[in-house]
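# Coordinate inspection notes
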Amino acid sequence: PIFCVLSHLRWCVGALLGSPRSAMLAFVSPHLPVAAAPLVPAGTAAGSARPAQQPGSGSQLSPAMIATALAAAGAGLRQRRRSLPASLCGHALRQQHHQARLLATARRSFDVLDAPQVEGEQATGSVRPRVRFAPSPTGVLHVGGARTALFNWLFAKSQGGEMILRVEDTDMARSTADSEAAILEGLKWCGITWDEGPDCGGPVGPYRQSERMDAGIYKEQLEKLIARNKVYKCFLTSEDLDAMRAEAEKNEQAFVVDSPWARATAAEVQEMLGKGTPFVYRFRVPQDQEMVVNDLVLGEVEWNSDDLGGDFVIVRNTGVPMYNFGVVVDDAQMGITHVFRAQEHLMNTPRQILIYEALDLPIPEFGHMPLILAPDRSKLSKRHGAVSVSDYQKQGYLASGMVNYLSQLGWNDGTNKEIYTVEELLESFKMERMSKVAAIFDKDKFKWVNGHHVRLLDDDKATEMIGAELVKAGIVKEASGPFVRRASTLLRERVGTLAEAASELRSIMGYKFDDMLASPESKEWVDSGAIKETAACILKAKADGALDAIGSDPDVFKKLAKFIGEERGGVKKKALLAPLRLCLTACDHGPDMAIFFEMLALADDNVFLEVL
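Since this is a predicted model, take the numbers as computed values, not measurements.

What counts as what
All chains use their own residue numbering, which begins from 1 and follows the written sequence. Residue-level local features of this predicted model are given only where pLDDT is at least 70; pairs of side-chain atoms are given and counted only at 80 or more, and the full residue set underlies all totals for whole chains, interfaces and linings. With hydrogens and water set aside, each side-chain value is computed from the structure's full complement of heavy atoms. Numbering of helices and strands starts at the N terminus; helices are DSSP runs of H or I of at least 4 residues and strands are runs of E of at least 2. Accessibility here uses a 1.4 Å probe with only protein chains present; expressed as a share of the type maximum, an area under 20% marks a residue as buried, one over 50% as exposed, and anything in between as partly exposed. Residue contacts follow a heavy-atom distance rule, with two residues in contact if any of their heavy atoms lie within 4.5 Å. We get accessible surface area from the Shrake-Rupley algorithm with a probe of 1.4 Å; when it comes to residues, only the shown protein chains can shield them. By definition, two strands form a pair when at least two bridges between them are found by DSSP. Inter-axis angles, ranging from 0 to 180 degrees, are taken between N-to-C directions of lines fitted to C-alpha atoms, where helices are fitted over the stretch in contact. Centres within 6.5 Å make a pair out of two Phe, Tyr or Trp rings, where for Trp the six-membered ring is used; the pair is then stacked when the planes are under 30 degrees apart, edge-to-face when over 60, and tilted otherwise. A ring is scored as having a charge over it whenever the NZ atom of a lysine or the CZ atom of an arginine sits within 6 Å of its centre and within 35 degrees of its normal. Should a side-chain nitrogen of Lys or Arg be within 4 Å of a carboxyl oxygen of Asp or Glu, the pair is scored as a salt bridge. What qualifies as a polar contact is a pair of N or O atoms within 3.5 Å, subject to a donor-acceptor requirement within protein and to the restriction that residues adjacent in sequence count only when both atoms come from side chains. Put simply, angles under 35 degrees are roughly parallel, angles over 145 are roughly antiparallel, angles from 65 to 115 are roughly perpendicular, and the rest are oblique. Residue classes follow a fixed rule: Ala, Val, Leu, Ile, Met, Phe, Trp, Tyr, Cys and Pro count as nonpolar, while Asp, Glu, Lys and Arg count as charged, and any other residue, Gly among them, counts as polar.

### Focus on the overall build of the protein chain
Of the regular secondary structure elements, the protein chain holds 25 helices and eleven strands. For the protein chain, with 612 residues in total, the buried portion stands at 45%. Within the protein chain, residue pairs in contact and separated by at least 24 positions form 71% of the contacts whose partners lie at least 6 positions apart. For the protein chain, the accessible surface area stands at approximately 30000 Å², while carbon and sulfur atoms represent 54% of it.

### Focus: the sheet that holds strand β7 (residues 312–315)
Spatial strand order, β3-β4-β7: three strands in an open sheet with antiparallel pairing. The open sheet has two free edges, formed respectively by β3 (231–234) and β7, since each of these has just one partner strand. For this sheet, the mean inter-axis angle between neighbouring strands, taken without regard to orientation, is 45 degrees. Two elements, strand β4 (residues 280–283) and β7, share three bridges in a ladder whose sense is antiparallel. Bridged to Y281 within β7 is V315.

### A short note on the packing of aromatic side chains
Following the criterion strictly, the structure yields 18 aromatic pairs and no others. With a centroid separation of 5.5 Å and an interplanar angle of 85 degrees, the aromatic rings of F279 and Y281 are classed as edge-to-face. On the basis of an interplanar angle of 85 degrees and a centroid distance of 5.2 Å, the ring pair of Y392 and Y397 is categorised as edge-to-face. The structure contains a cluster of three or more aromatic residues connected by ring pairs, namely Y392, Y397, Y405, F441 and F446. The ring centre of F312 lies 5.9 Å from the NZ or CZ of R351, which sits over that ring.

### Comments concerning the pattern of salt bridges
Taken as a whole and assessed by the stated rule, the structure comprises 31 salt bridges. With its nearest N and O atoms 3.2 Å apart, the salt bridge here joins E424 to K417. A relative accessible area of 28% means that E424 is categorised as partly exposed. A single salt-bridge network, built from bridges that share partners, covers R132, R166, E168, R212, D330 and D331.

### Some thoughts on helix α25 (residues 593–601)
Residues of α25 that are buried include every one of M593, A594, F596, F597 and M599, and no others. Considering only its buried residues, α25 is in contact with α18 (482–491), α19 (501–509), α23 (556–567) and α24 (573–585). One side-chain oxygen of the residue at the start of α25 lies 2.9 Å from the amide nitrogen of A594, identifying that residue as D592.

### Overview of the pairing of strand β5 (residues 290–295)
Among the six residues that make up β5, five are buried, leaving the element largely enclosed by the rest of the structure. Bridging between β5 and strand β6 (residues 299–304) involves six bridges; their strand directions are antiparallel. Within β6, the residue paired with V293 across the bridge is V301. Here β5 folds back onto β6, and the loop between the two strands holds three residues.

### Quick look at the packing of helix α17 (residues 459–472) against α19
With their axes 8 Å apart at the nearest point, α17 and α19 run at an angle of 75 degrees to one another. The pairing of α17 with α19 is recorded here as roughly perpendicular in orientation. For the pair α17 and α19, the contacting residues are I466, E469 and L470 in the first and A501, A502 and L505 in the second. Partitioned by chemical class, the residues of the contact of α17 with α19 number five nonpolar, no polar and one charged.

### Considerations on the environment of K443
Among the structural elements, K443 can be located in helix α16 (residues 443–455). Under the relative-accessibility criterion, K443 is labelled partly exposed at 42%. Sequence spacing of K443 and A374 is 69 residues, and the spatial spacing of their C-alpha atoms is 9.6 Å.

### Brief notes about the environment of G467
Its location among the elements puts G467 in helix α17. G467 sits ten residues away from K477 along the chain, and the two C-alpha atoms are 9.6 Å apart. Other than its neighbours up to four places away in sequence, G467 contacts A462, V476, A479, V484 and S488.

See the structure below:
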């Protein structure tokens, strides 16, 4: 405990003195060679940070010297952890783990600060965040995956960082090129871009796990773990594991893998290899090790290694890396600084931390985002709206509406605002505003949000997109012309999705007068005689030429309503307007009648006659 406190104070003093480098130097100072002694002026208090060496003032602190000191600090920390007495309190164990995290940060600081600056980095040596989205190409891009990609993208781009796309295609039986293409296309439709990936390359490729496996990347890291005795060959069969699990259940105990091959002699292992017996590589889980993560969404999360179920497989008997091993190697080698993923991955985190530490790799920051549930708080399924992004695209949802709604599933900016453009999201996004509780997927709310984005379309875009729907529905021949433009701007205000445009237009253009007379909505006006009186007034106005200006004079209906009101003895408001709309449109609701009849007046040979 005393070491924990003193080392932590040494780190904090360095940080207070003003730079990550000074903090890092403070942490490794006890392990620097004597030749670096001039770096510590006489009288400097123990635990204080060592100021940077000035040119010509003595030995220079070389990168090699710092690297050696970092390695010594790590080795010392691991030795102290192993020598801790069983009676040491949990608080001290957490302090030991915190020191491991500080060491990883020190390494990362050293790597960043001594690397060449890239465009966009600050002169202080701070590095831009690097995040990744790593889908498996075994299906299509669903809303959950799209939200994960979106939050990673918003975090990176709002801070001038980088987004990496990595394809985790080690499931050879289910992974397909078509699925990968569909996922990439779905991301592009949403406007989610990446700086490095399988389609555009980058400095830390390959970006497909299958290609990384062929390049020997995982094998190299596995050999390091073997050399450090962190893994072992395990020849347990599925039947052996089933028997162990049944025995644990019989004794009402939690199932923990305790493989005899963790203690096997070299001769015993060689004998099995000589028989050609299949084996996997299992990671040796240390006993009673506390792990603490300051999750950027959930806050502090703690685990004990004894609760992980024993030694776990990191390489299958086919030589294919398991998820936890592959993702650690990939994230570390690709320089990922922040890992944001759904809370269902939370239990993978302690196993990954153990692998990071075993390989002496820097541990990224973690943030586990809330799950997306159905309105009844059950697991989201297709009946609740868990369809692919491409399905929503086909249903007439806009990419901007999709992005806006997905951004609200677990995040808000602290205001009551609900409608955002992408630019506004980038300006407002802060990971600190992420919710810890599950988000509810509401199809009606999604459509409401999308409807707002339809109404945000300018006239040209509305004509293009809604016109295409009218062509598809056989209402018009081409998505252009004055009728299509007027219809599109009218429908823009009335639909939640583009796919609703055609049915909405048919509805307001239909004139089923007999059905209207028999409907409950018109019963009051039929029984009172208002419909008959209004119809007679309309016919009289038509005969007098009062309706000839429809489509050219926007005030024609105001004049008609005034005329009918006078003819019917001064009736006003609903008693006047409801029968008038029923007579002219056979419907008790709809768009402004001046705009509607202006649209009809623009009908030309681009409109199919049967529609009219």
